[in-house]
Amino acid sequence: MKSKKLKIAFFGSSLVSAYWNGAATYYRGIVRALSERGHEITFYEPDAYDRQKNRDMDDPDWAKVVVYQATEEAVAKCLQEAASADMVVKASGVGVFDELLEREVLQLQTEERLVVFWDVDAPATLDRVHHNPDDQFHQLIPQYDMILTYGGGDPVVNAYEALGAKKCVPIYNALDTATHHPVAPDAKFACDLAFLGNRLPDREARVEEFFLKPAAATPDKRYMIGGSGWSDKPMTDNVTYIGHVYTKDHNAFNCTPKAVLNISRESMARYGFSPATRVFEAAGAGACIITDYWEGIDFFFEPGKEILVAKDGADISEIISSLSEENAKEIGEAAYRKVLSAHTYRHRAAQLEKLLYTKVKQSNAAWA
């Protein structure tokens, strides 16, 4: 079967702005990699939440970006345009008319056109439908040709299949080598342990345990926290808060500290197999990563050799107190080798392409 290059219509939160949009780097990595494989992507995103005023990139040459007004009429026009695609994707968390889009994209489904729901926050979506039996999404799940998720492993797959999904497949976060890579250290990010993450309700308690508590217990070590929302959070004197860290500074932020910390949101840790995009970004910069424990870590990196794992704040204190520069460098280099060999968006795009062609062949669609 000769692979057909696909036209893909993608409804998501934003491709061009990471402003309060944690999925941006995931979208960019996947869409760029699909474009490199010859597919044509149109990304539809609403003009909402001041994201267009806080862009961190221009329209790329590897995707067409359509910014639409936050009105039902504008959504309807985009759906009409999307009818020319081979595949239509509705991502979770668009932020504007999500329920309308979840329902109406299915009207575009034909034997020749796949309609896919791509869940970039499966724990939140699954909690939503489990807590509300009347949620329309219950009835819609079985109608999609497939459900894709950016994490969750067997717990998420089993949960979706129990809700009637025809097929659910994780397309995990990964490294975009075009944007995240080793750079020279920057003295402004120098410290023993750095953490980057916005202040969110289901993360804050874990930040207190895995970051602020160890900082208080090791006053001779230097800590740094970046991200939005932490300005009024009590911190010890050895913690520096630097506010929002722009994407252009992520590489230096990852390369400079002795180690960087990953702290999962509570829901992600509960489902497991949900590494944050920043884990792969940090590995792509050659950083020594310390992470809180979550099921499935060893599916991605070898604990002790390519990543360090802590079960609580006391473990973090012990690791930071004993970690040498030499050992940190060895772990960072091992993580860098692993992520390049197995966890780039080129790997994920190839996986997705194989999945799609298998699906259309099973559907007897004339895509060959």
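Throughout, residues of each chain are indexed from 1 in the direction in which the sequence is written. Residues qualify for local features only when their pLDDT is at least 70, as the model is predicted, and side-chain atom pairs are given and counted only at 80 or more; totals for whole chains, interfaces and linings, by contrast, use all residues. Side-chain measures here rest on the full set of heavy atoms in the structure, leaving out hydrogens and waters.

K.L.:
Just give me the short version of the overall build of the protein, but keep the residues and values in it.
P.N.:
Only runs of H or I of at least four residues qualify as helices and only runs of E of at least two qualify as strands under DSSP, and these elements are numbered from the N terminus. Check the secondary structure of the protein and you find 14 helices and 13 strands. Against the 2.2 N^0.38 benchmark of 21 Å for 368 residues, the protein shows a C-alpha radius of gyration of 21 Å, consistent with a compact globule. Taken over the C-alpha atoms alone, the protein extends approximately 65 × 40 × 40 Å along its principal axes. Across the 368 residues that make up the protein, the buried fraction comes to 58%. In the protein, once contacts between residues fewer than 6 apart in sequence are set aside, the share between residues at least 24 apart is 72%. Counting 41 positive and 53 negative side-chain charges, the protein places the averaged centre of each group 5 Å from the other. What the globule rule says is 2.2 Å times the number of residues to the power 0.38, and the radius of gyration is computed from C-alpha atoms. Relative accessibility thresholds used throughout: buried, under 20% of the residue-type maximum; exposed, over 50%; partly exposed, between the two (1.4 Å probe, protein chains only). Every residue pair with non-hydrogen atoms within 4.5 Å of one another is taken to be in contact. Charge assignment in this entry is limited to Lys and Arg as positive and Asp and Glu as negative, and neither His nor the chain termini are counted. Charge positions come from single atoms, namely NZ of Lys, CZ of Arg, CG of Asp or CD of Glu.

K.L.:
If you had to explain the sheet that holds strand β1 (residues 7-11) to someone new, which residues and values would you point to?
P.N.:
The strand order across the open sheet formed by 7 strands is β3-β2-β1-β4-β5-β6-β7, and the pairing between neighbours is parallel. Sheet topology places β3 (64-68) and β7 (168-170) at the edges, where each strand pairs with a single neighbour. On average, each strand axis in the sheet is inclined to that of its neighbour by 20 degrees, with strand direction left out of account. One bridge is not enough; two strands pair if DSSP finds at least two bridges between them. Pairing between strand β4 (residues 87-91) and strand β5 (residues 114-119): 5 bridges, direction parallel. Within β5, the position partnered with valine 88 by the bridge is valine 115. Working convention: axes come from line fits to C-alpha atoms, limited for helices to the stretch in contact. Angles between N-to-C directions cover 0 to 180 degrees. Helix α6 (residues 153-162) contacts β5, β6 (146-149) and β7 of the sheet and is inclined by roughly 160 degrees relative to β7.

K.L.:
Describe the environment of aspartate 154, naming the residues involved and giving the relevant values.
P.N.:
Looking at the element boundaries, aspartate 154 is found in helix α6. Put simply, aspartate 154 and tyrosine 345 are 191 residues apart on the chain and 21 Å apart in space, counted from C-alpha to C-alpha.

K.L.:
Describe the environment of glycine 296, with residues and values.
P.N.:
Take glycine 296: it is sitting in the loop between β12 (289-292) and α11 (297-300). Taking C-alpha positions, glycine 296 is 37 Å from glutamine 107, a pair spaced 189 residues apart along the chain.

K.L.:
Which residues make up the nonpolar core, and what values do they have?
P.N.:
Ranked by size, the top nonpolar core spans 38 residues in total, and within it Tyr26, Tyr27, Trp118 and Leu148 carry the most contacts. Taken together, the elements giving at least two residues each to this core come down to β1, α1 (24-36), β2 (40-46), β4, β5, β6 and α14 (345-362). Not counting chain neighbours up to four residues away, the residues in contact with leucine 148 comprise Val116, Phe117, Trp118, Asp119, Val169, Ile171, Leu352 and Leu355. Take the buried Ala, Val, Leu, Ile, Met, Phe, Trp, Tyr and Cys residues and link them wherever side-chain atoms come within 4.5 Å; each set so joined is a nonpolar core.

K.L.:
Residue-level account of the side chain of lysine 221, with values.
P.N.:
Along the chain, lysine 221 turns up in the loop between α7 (204-217) and β9 (223-226). Buried charged residue lysine 221 carries no salt bridge. Nearest counter-charge: aspartate 220, at 4.3 Å. Filtering out sequence-adjacent residues up to four positions away, lysine 221 remains in contact with Asp192, Asn238, Ile320 and Ser321. Every case where a carboxyl oxygen of Asp or Glu lies within 4 Å of a side-chain nitrogen of Lys or Arg is listed as a salt bridge.

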